[in-house]
Structures are given as structure tokens and as C-alpha cells.
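One letter stands for each residue in the lines below.
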Amino acid sequence: MIALVFLPVLGGIICLVLKDKKSVSSNVAIITVFASGSVLPFVIFEDASIILGKWGSLGIGMAVDEFAIPFLLSTFIVMLAVILNSIKRGYDGFFYALILILYGTLNSIFLSRDLFSIFVTIELASIISFILISYEKKPRQAWASLKYLLLSSLGLNFYLLGIGIVYMETGSFAMDSLEHVSTIATVLIFGGLAVKSGLFFFSMWLPDAHSNAPIEVSPILSGLIVKLDVYLSIRFITYSSFGWMRDTYMIIGIVSAIVGVVFAVNSKNAKRVLAYHTISQVGFMLVNCDKSSAWHGFSHAVFKTLLFLVVGNISARLGTKEYSKWSGKITKVEYAFLLIGSLAIAGFPMTSGCVTKEIIIHGACCPSLKILLLIASAGTAMSFSKFIFLKPGKSSSWPAANTVAAYSILSGVIILHGIIGFEIYMFESLLAVIAGVATYLLLRKFLRPLPVYFERIDSALSSYLIFFLISIVLAIILSS
Amino acid sequence: MTGTIVIYFSISGMLVGTIGMILSKDLIKKILSFGIVETSINLMYTGISARSGIIPPIVSGDFSSAFYADPIPQAVIITGIVISFALLCLSLVFAIIIYNRYHTMNVETIEMIFERETQ
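Residues numbered from 1 in each chain as written. Chains lettered and ligands numbered in written order. Predicted model: local features only at pLDDT ≥ 70, side-chain atom pairs only at ≥ 80, totals over all residues. Heavy atoms only, no water.

1. Regarding the overall build of chain A
In terms of regular secondary structure, chain A is built from 19 helices and two strands. Dimensions of chain A along its principal axes, counting C-alpha atoms only, are 65 × 55 × 45 Å. Out of the 480 residues belonging to chain A, those deemed buried represent 64%. Taking the contacts inside chain A whose residues are at least 6 apart along the sequence as the reference set, 81% of them involve residues at least 24 apart. (Helix = DSSP H or I, 4+ residues; strand = E, 2+ residues; numbered from the N terminus. Buried < 20%, exposed > 50% of the residue type's maximum accessible area, 1.4 Å probe, protein only. Contact = heavy atoms within 4.5 Å.)

Have a look at this one:
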């Protein structure tokens, strides 16, 4: 289990030492990812737990269970695809070192059972992602990164306050001590992590950061960094002190799922469309916080990586992120992969998105919630009709071999997962897809970009703090 | 006693820093307010460890009766101090990149420039 954390970090250090030899570092990165991937089966099927250090309950506990497995798998697949796509693009060893250390850090978060260790690793992952977002040193990227830094670090300070209260009450940082803690500690932990979750109103830094990041970094942000809060919420909600969180997440999740879609439908910038859909999909995941959301996190990481890579490569080649200017210029191969990704996120049968999303909609507690989720699902299909109705050009040339390899691994996972998990009741998702596409054809003349008022730094900060206060009030009402 | 006073003092410092982050329009002032938040939370952990006493936890002989400080929060927050230092440095680097391009530190002006560039 330790190898899963230390192998990537070791590879990262080797890349850092061999910084100037560009061809070597990409090979080291691929070998390291494959090596850590080969350790993965031993960890998953073992179901083990260990405690580092000889201090009993004060040591750092690590364990693997059914909640962690989807996230560990998605980390491996996303990192493999991203590194395959980045070969021959002229990235130096420093970039690969950051990506590999991030891989080790993420594995450590998904295995850890210690609250303070989680804080340190989340901060490390955040610092690496700040550097990666502004890797090309454009002022716009620096601004997006700074906005993200100020908001997320403020949130993590609230988390630190929360675990300080946990330590005062129980005398330990182990995760099991969360069983009997006061409500104020749980609400501080929830509110602190919510800033990284990608829920609407809590993390409005997200569209700017995700849409301005380099091609290889957006998939990591959207597929993995956002999942940290989803994973921790799923884990924390099993403790009885966090019982109030289930109802809160149901309300915030459904609002986020619908509002994210509304912003995405109206956007004209392809990368911003994908960024707003991250907000919406996180809402889907958190509506019922259990094992099905963990698997939706897995499938979301895979198809969102495919979409971000295809869209990033197309916009880098054509020089524009506006999808309306792509018509007739994209090749047939690119269109095929774009279609697979779009159908998966819209929930077309026989794709992974359909399987996991239908389990969530089917498991919703009440009929009204189910209808709202179906509306959000139709909205997703409506917004991705923009990509489905693009016209591919005459050219049938293939992209570079490494890019095609990355695309095919991701599409293979999407289709395999879709066929294995398919059950007959899932055909109801076809209804939402057809309704969404029809609505798009009716309304496509009226779509205009919505104002970005919420994404300014002051309004992002104040909306986060206001909703944090509201959730404190909700927690006190619900837990009394 | 000392511990409790320090804890309340640091929580109020955190609130002051958060309000400063919202109200100031200058980028450097925002970053400095954020520094206040971080320092307060680091101070709070010293407060937590001082609840049982303020003698340094290097006790020789019989330590069951001595009022020594709890070493665990002090030990873990050292990592927190390093992280907050790194975050402050990184945010100032981003501020320098933005200043070199646009020659202003006013948040509203910077955002207006970005929004105009998009259209």
C-alpha cells in the first residue's frame, strides 16, 4: 500500500533530477505510472489496513475499502491518459515531476485515515495544481490560479479549525474519532472542504481555473482534484455526527446540478461548457452520498478527461475555443471521440455515464427529486447537442499515435463499463436524451452567454461565506 | 486558562482576516489579510496545546504531576506553518505576474480588463 504513494513520488524526484533531458523524463513518467498501476490490483483485492509509526492511535492510519477503489482506479486511468497525451509537446522534466508527485499525493489522500494527514496532502495537491494551472505563465492563468488559491486556502483554514475542535474533544486526529463530535466541528469540516468541491455558490473559482488551464491540466483538475471533496464527503457521512449533511447535500446538490446546466447551455466557449458541467455533475454525485456516487465519480473522471483532451487538442490546433467556429474543420477521428464523450456525459445507453447516473436517479429518495434529476439530465443532453451537431470536415487524417492511444484507452473504459453495468431499466435515460436534443433544436437561436458576475473574486468570496453561514444554521436546525 | 484565551483570541483574528479579504480592493492587502487568517489558525493550535499547562514538554523525572503543554498539536502545526509560508510566497508570485502585465493591483480594474478581453 505504501508503494502506491512512494513509487510516483520517487519517479517525480527522478524527473526533477533529469530536468533538462526532455525525452527521458516522459519515458520515466510512463514507466512510473505503469509500475504504480501494477501495484493497484494487490492493494484493491487485499482489503488491508496499516498504521504508520509505533504510536498506536496517534500514528497515521491507512486503509482501503469499497469507497476508495473507484477513486484509485480513476486516478490511474486519468494520469495514464494525460501523460500519454503530453508526449512530444515539449514539456520539461519539471512538469512531469509535478504530475507524478500529484499522483502519489492523490493516492495518499484516498488511502489515508488521519485527519491532519488529509489536510497536509490536500494542501500539497492544491499547491501543485496552482502551479500547474499557471504553467504557461499567462496573466489570465495567474489570475485564475490566484483566485483559486485565496478561496481554497481560506476554506482549508476553516477545515483546520474544525479538526482542531475534534482534537480538543477527543484527543486524537484519527478519522474514527469523528463518531462523537459536536455539530460545530462537523460544519466547519464540511464548509472548509466544500470550497474545493465544485458545488455552485461554494466554489465559483472553478469555471475560470478549469477553462484557462493548459490542455493536460484541465482533466486532472476536473477529474481528480474536484473528487477529493466528493470522496471525503462520502466517507464522513457514514459517521453519525455527520447525519445532518445528507439532507443538506440533497438540497445543495440538486440546485448545483440544475444551475450548472443552465450556465453551460448558454456558454459559447467549449472549455467553459465542460467546466460548468463539472459543477453540475458534482451536484449529481452529492445528491445521494453513497457507493453509487463513488462510481459516478469514476465514470465522470474518465469521460470528462476524454472530453477535455479532445476539446483542448482541437482548440489548440484551430486556435479558437468557440465551438461554433469548429464546424467543418475537425477531422472525422476527432469527431468520433468527441461523440463518444458527449454521449457518455449525456447518459446515452451502453456508456458508463448512463449506468452510474441511472443508479443515482433510481436511488433518489422521493419522486420530486427524481423528476428534478431527470430535468438536469435532459439539460446535460441539451448542452452537449452542440458538440453532437458539429459537422466533421472531409479530412480523414489521424492525430499523433500517442494521442490516439490516450483517446482509445478512455473510450474503451467508457464502453466496457457501460456494457458490463447495463440493466434493462436504464433505457429510461434515452427519454431524457431525446427530450434534451429536441429542446436544443427548438431553442438554439436564443442561447446567449450569461454574465460572469458570480465568478468575480469578491462575489465568489462573499457567496462562499454566505452559504457557509446558511449551512451552519441548517446544521444546527437539523441536528437538534 | 491561557489556552482558552489564546483560542478565542485567534478565532477573532481569523474573522478579522476573513472580513479584510472581502472588503479590501487591493490585491496585496487581500493576500496580507489571508496571512492574518493563517497566522491566527497556527496560533490556535498553540492555544490547544497550552490547555493542560504552559511548561515546555521536556520533562525529566516524574511527569505525571507537571503541567506540561501537549506536544501533539505543536508538532503537527509545524507542517501547517510551512504550508502557509509556501502559499503566501506563491500568491505573491502570481501578484507579480499580474502586475508586470497590467501595472495595477486593483482587483476591479484587473477583472474589468479580463472581461473586456473576452468579448
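2. Notes on the overall build of chain B
A tally of regular secondary structure across chain B gives four helices and zero strands. Scaling as 2.2 N^0.38, a compact globule of 119 residues should have a C-alpha radius of gyration of about 14 Å, whereas chain B reaches 20 Å, well beyond that. Viewed in the frame of its principal axes, chain B has a C-alpha envelope of about 70 × 25 × 20 Å. Within chain B, the fraction of its 119 residues that count as buried is 40%. (Rg over C-alpha atoms; globule rule 2.2 N^0.38 Å.)

3. What to know about the interface of chain A and chain B
Counting residues at the interface gives 37 residues for chain A and 42 residues for chain B. A combined buried area of about 3600 Å² lies between chain A and chain B, and 79% of that area is made up of carbon and sulfur atoms. At the junction of chain A with chain B, the criterion picks out four salt bridges. A salt bridge links D458 of chain A to K30 of chain B; its shortest N-O distance comes to 2.7 Å. Our count for the contact surface shared by chain A and chain B stands at nine residue pairs in polar contact (both at pLDDT 80 or more). Those elements that place two or more of their residues in the side of chain A that touches chain B are α5 (115-133), α6 (139-170) and α19 (457-479) of chain A. The residue inventory of the side of chain A that touches chain B, partitioned by class, reads 25 nonpolar, five polar and seven charged. (Buried area = accessible area lost by both parts, 1.4 Å probe. Salt bridge = Lys/Arg side-chain N within 4 Å of Asp/Glu carboxyl O. Polar contact = N/O pair within 3.5 Å; in protein donor to acceptor, adjacent residues only side chain to side chain. Nonpolar A, V, L, I, M, F, W, Y, C, P; charged D, E, K, R; others polar.)

4. Considerations on a nonpolar patch on the surface
Taken together, I50, L52 and I60 of chain A make up a surface patch of nonpolar side chains, about 200 Å² in accessible area. Along the chain, I50 of chain A falls in strand β1 (residues 49-52). (Patch = residues over 30% accessible without salt bridge, like charges linked within 9 Å, V, L, I, M, F, W, Y side chains within 5 Å. Areas by Shrake-Rupley, 256 points an atom, 1.4 Å probe, with all protein chains shown as cover.)

5. Focus: the side chain of R235 of chain A
All names here are of chain A. Mapped onto the elements, R235 comes out in helix α10 (residues 227-236). Classification of R235 as buried rests on a relative accessible area of 5%. Discounting residues that sit within four places of it in the chain, R235 has contacts with D65, F67, A68, R113 and M175.

6. With respect to the packing of helix α15 (residues 352-362) of chain A against helix α16 (residues 367-388) of chain A
All names here are of chain A. For the pair α15 and α16, interaxial distance at closest approach is 9 Å and the crossing angle is 155°. The angle between the axes of α15 and α16 places the two elements in the roughly antiparallel class. On the side of α15, the interface is formed by K357, I361 and H362, while α16 contributes K370, L373, L374, S377 and T380. Taken together, the residues that form the contact of α15 with α16 break down as three nonpolar, three polar and two charged. (Axes fitted to C-alpha atoms, helices over the stretch in contact; angles between N-to-C directions. Parallel < 35°, antiparallel > 145°, perpendicular 65-115°, else oblique.)

7. Remarks on the UniProt feature "transmembrane region" (unreviewed entry) in chain B
Residue and element names in this part refer to chain B. Taken from the UniProt record, the annotation "transmembrane region" (unreviewed entry) applies to residues 6-24 and 75-99. Helix makes up 95% of residues 6-24 and strand 0%. Its end C-alpha atoms lie 26 Å apart. Taken end to end, residues 75-99 comprises 100% helix and 0% strand; its first and last C-alpha atoms sit 38 Å apart. (UniProt positions renumbered as here; feature names shortened; annotations may be inferred.)

8. Considering the packing of aromatic side chains
Residues and elements named next belong to chain A. In this structure the tally under the stated criterion is 38 aromatic pairs over all chains. Between W295 and F298, the aromatic rings sit 5.4 Å apart at their centres with planes inclined by 75°, giving edge-to-face as the arrangement. On the criterion of helical spacing, the pair formed by W295 and F298 is a turn pair, its members being three residues apart in helix α13 (residues 291-318). The aromatic ring of F284 is capped on one face by K357, whose charged end is 5.2 Å from the ring centroid. (Phe/Tyr/Trp six-rings, centres within 6.5 Å; stacked < 30°, edge-to-face > 60°. Lys NZ or Arg CZ within 6 Å of the ring centre and 35° of its normal.)

9. Quick word on the nonpolar core
Residue and element names in this part refer to chain A. Counting 182 residues, the largest nonpolar core has L178, F236 and F387 as the members making the most contacts within it. When residues of this core are assigned to their parent elements, the largest contribution, 17 residues, is made by α6. Each residue touching F387, except ones within four places of it in the same chain, is listed here: A270, L274, V311, Y323, W326, Y335, L338 and S342. With ten residues, the next largest nonpolar core counts I254, F284, A364 and L369 among its residues. (Core = buried A, V, L, I, M, F, W, Y, C linked by side-chain atoms within 4.5 Å.)

10. Let's talk about the side chain of S429 of chain A
For S429 of chain A, the location among the structural elements is in helix α18 (residues 428-443). If sequence neighbours within four positions are ignored, S429 of chain A has contacts with G347, P349, C354 and E358 of chain A.

11. Comments concerning empty space enclosed by the protein
Where empty space is left in the structure can be found by rolling a water-sized probe over the atoms. If you walk through the whole model with that rule in mind, you get two cavities of 30 Å³ or more. In this model, the largest cavity occupies a volume close to 50 Å³. Around the largest cavity, the lining residues are F119, E123, N157 and L160 of chain A together with E38, I41, N42, G80, I83, S84 and L87 of chain B. Among the elements that line the lining of the largest cavity, the one with the most residues is helix α3 (residues 71-102) of chain B, at four residues. Of the residues that constitute the lining of the largest cavity, the class distribution is five nonpolar, four polar and two charged. Estimates place the volume of the second largest cavity at around 30 Å³. Taken together, I189, F190, L193, D229, L232, S233, F236, M245 and Y249 of chain A make up the lining of the second largest cavity. Those elements giving two or more residues to the lining of the second largest cavity turn out to be α7 (183-194), α10 and α11 (245-266) of chain A. (1 Å grid on protein atoms, 1.4 Å probe; cavity = no way out; pocket = protein on both sides within 12 Å on 5 of 7 lines; lining within 4 Å. Points joined across faces, edges and corners; volume = space filled by probe spheres on them.)

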